[in-house]
Amino acid sequence: MNSSLVVDVAIAGGGIIGLSLALELRQRGLSVAVMERGHAMSSASWAAGGMLAVNDPQNPLKLLPLCIRSWALYPSYLARIEALSGRPVPLRTQRALQEQKPEGGLGGTATAAEIAELAPGLDPGGHSFAWLDEGSIDPNDLREALPAAVRAAGGTLLEETEVLSVETTGRGIVVETLRERISAGMLVNCCGAWAGGRRLGGVPVEPVKGQMANLRCAPELLRCVVRTAGVYLVPRGDGRVTIGATLEHAGFDETVESSLIRPVIDAALRLLPEASLPSPLDAWAGLRPGTPDDLPILGAAKLENCWHATGHYRDGILLAPVTARVMAQAMLGETPDVSLDAFSPARFGSD
Ligand code: GLY
């Protein structure tokens, strides 16, 4: 017989969004159970580049208030995870060189002398760069630390636990898994690229595959993120430089195809000529949760007592702290720090 669990909030999805929300809710005194069909932090949350790209010109303008608020929350977010887990999760870089139009536009153009300070290995080629005050983390640091922090905070994390059915009871929700029956006041869909599943309410989320690779490079040659329209380079400070990424609509396929990652690698090597490509290739793929307007889906679902927090597309790592905060605020009837009007699940008319 299935064991029973009664919690205030059940969260489907043990990636960075679900676990960060679990932490936030625990901080507010609510009991939580996170259900993850595989292993926590093992899909897009781990595969990500980890750039906290607040001012990436490729982001939709409507995302900016969420990005700014999340970046402001990042120091306390990381400090809490570190304190609870006992594991370090440092900012690996604190500045970014963003490609801009030759005539500028993003702020002051980075001079050759400035570039030589933080990125002496960079060959700017024909690109003009502007400095942005943005950080990056290595998602590998969070992979162990965030689940450990949730458990240390008193949250229940159920791995290899797929949601089989969801039923509303009027007073709450009953979720069936293979081993558990979980009764909760509320259920939140934080399933990333898998959030569009029928059981969870059918929001229009599609996987957008990103292939990534690690180059090797002496750490002193690159100590900031470099981002152009075609490639980004994220140094980890230990000789690895993570580069990415492809943008592919390939369903749930997560295989690496060297013919597709190769042009990204070549673009990175042109920018950082002293870097080398390890053999065998150190490459992987992740599935971003894409939405029709490239904006996240944050808010109440049609189904009573159900919520969505998904669709973070290219910015799930950056947006985790603010998502946890505004979702907790909305779920508890408070006014969110950032208006969620633009992110409502209702904007698609489906759910
Ligand atoms: N956050 C960068 C990417 O999605 O490739």
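This text follows the structure it describes.
In this report, we go over the structure that sits alongside the text. (Residues numbered from 1 in each chain as written. Predicted model: local features only at pLDDT ≥ 70, side-chain atom pairs only at ≥ 80, totals over all residues. Heavy atoms only, no water.)

Taken residue by residue, a regular strand's side chains alternate between the two faces of the sheet. The sheet contact formed by strand β1 (residues 3–12) and strand β8 (residues 180–189) spans nine bridges and is parallel. From the neighbouring strand, V6 faces β8, where its bridge partner is S183. Here β1 runs beside strand β2 (residues 32–35); their pairing, made up of four bridges, is parallel. Bridge pairing in β2 places V9 opposite V32. Crossover β1 to β2 through helix α1 (residues 16–27) is right-handed. (Pairing = 2+ DSSP bridges. Helix = DSSP H or I, 4+ residues; strand = E, 2+ residues; numbered from the N terminus. Right-handed = clockwise from strand over helix to strand, strands pointing away.)

The next point concerns the site of the ligand. The environment of the ligand is formed by M51, Y232, A245, R288 and R314. Contact distances for the ligand include 2.6 Å between an oxygen atom and a side-chain N or O atom of Y232. For the ligand, whose accessible area on its own is 200 Å², the fraction buried by protein is 87%. Counted by class, the shell around the ligand contains three nonpolar, no polar and two charged residues. (Near = heavy atom within 4 Å. Polar contact = N/O pair within 3.5 Å; in protein donor to acceptor, adjacent residues only side chain to side chain. Areas by Shrake-Rupley, 256 points an atom, 1.4 Å probe, with all protein chains shown as cover. Nonpolar A, V, L, I, M, F, W, Y, C, P; charged D, E, K, R; others polar.)

Take the packing of aromatic side chains next. Across all of its chains, the model carries three aromatic pairs by this definition. Against the face of W194 rests R37, its NZ or CZ located 4.5 Å from the ring centre. (Phe/Tyr/Trp six-rings, centres within 6.5 Å; stacked < 30°, edge-to-face > 60°. Lys NZ or Arg CZ within 6 Å of the ring centre and 35° of its normal.)

This brings us to the pattern of salt bridges. If charged atoms from side chains of opposite charge come close, those side chains can pair. By the definition in use, this model includes 18 salt bridges. The closest approach of N and O atoms between R95 and D133, which form a salt bridge, is 3.2 Å. Residue R95 is found in the loop between α3 (64–85) and β3 (96–100), and its partner D133 is found in the loop between β4 (128–132) and α5 (139–152); the two are separated by 38 residues along the sequence. Look at R95 and you get partly exposed, because its relative accessible area is 31%. Through salt bridges with shared partners, one network takes in D56, E134, R227 and R314. (Salt bridge = Lys/Arg side-chain N within 4 Å of Asp/Glu carboxyl O. Buried < 20%, exposed > 50% of the residue type's maximum accessible area, 1.4 Å probe, protein only.)

Along an α-helix, residues three or four positions apart point the same way, because every turn accommodates 3.6 residues. The end-to-end C-alpha separation of α5 is 20 Å, in line with the 20 Å expected for 14 residues at 1.5 Å each. Of all the bends in α5, the largest measures some 30° and sits at A145, one to four residues before the proline P147. Every buried residue of α5 is listed here: P139, D141, L142, A145, L146, P147, A149 and V150. Contact partners of the buried residues in α5: α1, α2 (44–47), α3 and β5 (156–158). (Expected span 1.5 Å × (residues − 1). Bend = angle between axes of the 7 residues up to and from the residue. Contact = heavy atoms within 4.5 Å.)

Below, the discussion takes up the sheet that holds strand β9 (residues 206–216). On the basis of which strands lie adjacent, the open sheet formed by seven strands has the order β4-β3-β10-β11-β12-β9-β13 and mixed pairing. A strand with exactly one partner marks an edge of an open sheet, and here the two such strands are β4 and β13 (283–290). In this sheet, neighbouring strand axes are inclined to one another by 25° on average, regardless of whether the strands run parallel or antiparallel. The pairing of β9 with β13 spans eight bridges and is classified as antiparallel. (Axes fitted to C-alpha atoms, helices over the stretch in contact; angles between N-to-C directions.)

Another aspect to go through is the packing of α1 against α5. Packing of α1 against α5 brings their axes to within 9 Å, and their N-to-C directions diverge by 35°. Read as a crossing pair, α1 and α5 show a hand that is left-handed. Together, I16, L19, S20, A22 and L23 of α1 and L142, L146, P147, A149 and V150 of α5 make up the contact between the two elements. (Left-handed = near helix turned anticlockwise from the far one by under 90°.)

Next up on the list: the pairing of strand β11 (residues 232–235). Taking every second residue as pointing to the same face, both faces of β11 are buried, with Y232 and V234 on one and L233 and P235 on the other. Alignment of strand β10 (residues 225–227) against β11, held across two bridges, turns out to be antiparallel. Residue pairing for β11: R227 is matched across the bridge by Y232. Sheet analysis places β11 next to strand β12 (residues 240–244), joined by four bridges and oriented antiparallel. Across the sheet, the residue bridging to Y232 is G244, located in β12. Hairpin connection between β11 and β12: a loop of four residues separates the two successive antiparallel strands, and G237 in this loop has a positive phi of roughly 85°.

Remark: α1 packs on helix α7 (residues 316–331), axes separated minimally by 8 Å, with the N-to-C direction vectors making an angle of 45°. With respect to their mutual orientation, α1 and α7 come out oblique. Handedness of the α1/α7 crossing: right-handed. On α7, the residues that touch I16, I17, S20, L21, E24 and L25 of α1 are G316, I317, A320, T323, A324, R325, M327, A328 and M331. Here the residues of the contact of α1 with α7 sort into ten nonpolar, three polar and two charged. (Parallel < 35°, antiparallel > 145°, perpendicular 65-115°, else oblique.)

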